[in-house]
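Here's the letter readout for the chains.
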Amino acid sequence: MASPLHPDITALAPLLGTWSGPGRGEYPTIEPFAYEEAVVFGHVGKPFVAYTQRTRHHDDGRPLHAETGYWRVPAPGRVELVVAHPTGIVEVDEGSFDGSTIRLRSTFVGRSGSAKEVTAIERDFVLAGDVLTYDLRMAAVGQPLTHHLSAELHREA
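Residues numbered from 1 in each chain as written. Predicted model: local features only at pLDDT ≥ 70, side-chain atom pairs only at ≥ 80, totals over all residues. Heavy atoms only, no water.

## Description of the overall build of the chain
As a reminder, the rule being used: Helix numbers and strand numbers start at the N terminus; a helix is a DSSP run of H or I with at least 4 residues, a strand a run of E with at least 2. Radius of gyration means the value over C-alpha atoms here, while the globule rule gives 2.2 Å times the residue count to the 0.38 power. Categorising residues by exposure relies on relative accessible area from a 1.4 Å probe, with only protein chains included: less than 20% of the type maximum marks a residue as buried, more than 50% marks it as exposed, and the intermediate range marks it as partly exposed. Contacts were defined at the residue level, with two residues in contact if any of their heavy atoms lie within 4.5 Å. Exposure was quantified through the Shrake-Rupley algorithm and a 1.4 Å probe, taking into account, for residues, occlusion by the shown protein chains and nothing else.
Scanning the chain for helices and strands turns up zero helices and ten strands. Mapped from its N terminus to its C terminus, the chain presents α and β elements in the order β-β-β-β-β-β-β-β-β-β. The C-alpha atoms of the chain give a radius of gyration of 15 Å, which matches the 15 Å a tight globule of 157 residues would have. For the chain, the spread of C-alpha atoms along the principal axes amounts to about 45 × 30 × 25 Å. Burial analysis of the chain (157 residues in total) assigns 38% to the buried set. A fraction of 36% describes how many contacts in the chain between residues 6 or more apart in sequence connect residues 24 or more apart. In the form shown here, the chain has an accessible surface area of approximately 8300 Å², with 57% of it arising from carbon and sulfur atoms.

Set out below in structure tokens:
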């Protein structure tokens, strides 16, 4: 039995479901690469949306990255994202959502003692019906804020 959607996250309802599609990555310290991504947005009736993301290399299917977290809507037009990465990075992002565009900027990036240095992350999402695109910029390992990832995801039936 599905839980009713909590009223605080009604604005995020269009994200709910499973999304997948191709993406491309680049950064000054690595070779460009293509990947396949799967994202799931779900809820349990509480004032947050649960989020999981997994990527695999486009050519050979090996796992590349994963992250998990929670989206919240603290006020109309505002959104927060708390994410944990298995690389030892945690991020807190805050920003705006106008119904089709989400703009998030990190307000905190923490790391374990063995994690690579990441000092800032910016994520922009655009929702157009059953298509979700995003761009991610990152400041890390001595590099300034630079484009890192982009993808076009499609809602799965």
